[in-house]
Amino acid sequence: MKLRDDEKAMLAGDQGPAVQKAMDLLVRYGAALDAECLVDTRNVAGTIGATTPFLRQYADQNGGMDAVFSEFNLDSAEWVKIPPVKVSSSHLQQGIDPRHAVRQGISQDVVRLYETGQAYSSSLGVQPLNTCTPYQVGNVPVKGEHCAWMESSAVIYINSVLGARTNAEGRESTGAAMLTGKIPYWGLHIEQNRRGTHLIQLDIDVSTTADWGLLGYWVGEQVQDRIPVIQGVSHQPNLARLKHFGAAAASSGGVEMYHLVGVTPEAQTREQAFGASPPLATMHFGKAERRWAYEQVNITARDDEIDFVMLGCPHYSLEQLWEVCQLLEGQRLSPNTELWIFTAASIKQLADVAGYTRIIEQAGGHLMTDTCSAIGKVVPTGTRVAAVDSAKQAHYLPAIMGIQTWFGSTAECVQAAIEGRWKGVFR
Ligand code: F3S
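Residues numbered from 1 in each chain as written. Predicted model: local features only at pLDDT ≥ 70, side-chain atom pairs only at ≥ 80, totals over all residues. Heavy atoms only, no water.

Engineer: Can you walk me through helix α3 (residues 53-61) in this structure?
Structural biologist: It helps to recall that an α-helix has 3.6 residues per turn; residues three or four apart then point in one direction. Those residues of α3 that fall on the buried side of the exposure criterion are L55, R56, Y58 and A59. Looking straight down α3, one finds its buried side chains confined to an arc of 160 degrees; they lie on one side. Residues of α3 that are exposed and angled more than 90 degrees away from the buried face: P53, F54, D60 and Q61. Where the residues of α3 are buried, they touch α4 (65-73), α5 (108-123) and α7 (171-180). (Buried < 20%, exposed > 50% of the residue type's maximum accessible area, 1.4 Å probe, protein only. Helix = DSSP H or I, 4+ residues; strand = E, 2+ residues; numbered from the N terminus. Arc of directions from axis to C-beta. Contact = heavy atoms within 4.5 Å.)

Engineer: Whenever I open this one, the sheet that holds strand β12 (residues 366-369) confuses me. Can you help?
Structural biologist: Strand pairing in a sheet takes place through backbone hydrogen bonds and is either antiparallel or parallel in direction. The sheet built from five strands is open, its strands ordered β12-β11-β10-β13-β14 with parallel pairing. One side of each edge strand has no neighbouring strand; the edge strands of this open sheet are β12 and β14 (404-407). Taken pair by pair, the neighbouring strands of this sheet meet at an average axis angle of 25 degrees, ignoring direction. Where helix α12 (residues 318-328) meets the sheet, it contacts β10 (308-316), β11 (338-343) and β12, and its direction lies at approximately 155 degrees from that of β10. The strands that helix α13 (residues 345-354) touches are β10, β11 and β12; relative to β12, the one it contacts most, it runs at about 145 degrees. (Pairing = 2+ DSSP bridges. Axes fitted to C-alpha atoms, helices over the stretch in contact; angles between N-to-C directions.)

Engineer: Explain the nonpolar core to me, please; I cannot follow it from the model alone.
Structural biologist: Soluble globular proteins tend to bury their nonpolar side chains together. Membership of the largest hydrophobic core comes to 62 residues, with the highest contact counts inside it found for I200 and L215. The greatest single-element share of this core, amounting to eight residues, is contributed by helix α8 (residues 209-223). Ignoring anything within four residues of it in the chain, the contact list for L215 reads L202, V206, I230, F245 and F285. Listed in part, the 36 residues of the second largest apolar core include A22, M23, L25 and V39. (Core = buried A, V, L, I, M, F, W, Y, C linked by side-chain atoms within 4.5 Å.)

Engineer: Explain the side chain of Q320 to me, please; I cannot follow it from the model alone.
Structural biologist: The topology assignment puts Q320 in helix α12. According to the relative accessible area criterion, Q320 is buried, its value standing at 5%. Polar contacts involving the side chain of Q320 include one to the side chain of H244, which spans 3.5 Å. For Q320, the contacting residues outside a window of four places in its chain are A240, K243, H244 and H315. (Polar contact = N/O pair within 3.5 Å; in protein donor to acceptor, adjacent residues only side chain to side chain.)

Any link to function would need more than the numbers given here.
Structure (structure tokens):
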């Protein structure tokens, strides 16, 4: 891989051992990918905290957070002192909500480790967004901006909807990018790799958030890690719908970018979306395909008594909280059902001011931050059957927690929390 002078100097250790190890990791990673060079980035979203039980134990039993960064972000068995980050860096989810530790079954020891980790990342200059949706809380990259982000639902959102450029990075490469401001130049950083590969023609209306989730689930299954171009969009989608669409497509497949003709910035026309190459295949999304997706995301669901309703995958926006509050205001949840809604901490602060948190709590629900059920492995004790409005969460939760999971609209989920019973139907 060709290195510039500043990169060679970092690799030679001119900026200390942590930066040297970070550059060494990026050079090894780039060479494995056949990248011809590195590209500058000033926008990294990754994770450096002790976000899983294993990492918390590692931090506790070894040299603390520098040891975690060295071993798990820099692939270095030798622990080195980590300097402040070189470029703007956001932290993704942390794994627990310390304000709901008891409810989430988290011990005080783990809360203390969380606080240590939080203080550590802030001391390095990493912004504590603690969400899978940094683009909802101020980290909004612009078209063409080279980023180094991990978290599949965020990667697909910024590539497709914002026209920013990132591959689905990992803990190691984002950690190294924070210390160097560099990332391998390959994949979706390169203009010609961002063109569509498969044409998806919509034969039915796709309008609600649940519709977009089902479409995303089907598209991901069909194209896997290629780039779909969706044509025939009849209802302008908003942020929440595109967020659910992308999260689902990245879960059932490995989609990191899509185009919506006439909607997303690199697809003002179908010709622009595909560039010079014709589609490899054309597929149609109609009633049968929608039903297939619905059955797949409900494949584990059998019993209709609901123990747990989980909303906020990906983390809810303020608008989605407002919508839920309209359904919840003046209602009371079933005594047998827990409702947990996940969002970013800064959105919760606004929800507190707007009165949304009070409405949720008065109904008997809880607004949580910094984590989610699948990533944090946090569900109410004894949960057997859950309900979600996210195709992504319906994909992961049964496998991760061994529970049945229903998928439906947000309104069906809220109704299930109120009645304690699933009454959702395929529409
Ligand atoms: Fe975010 Fe957790 Fe869903 S990380 S995208 S809420 S699985």
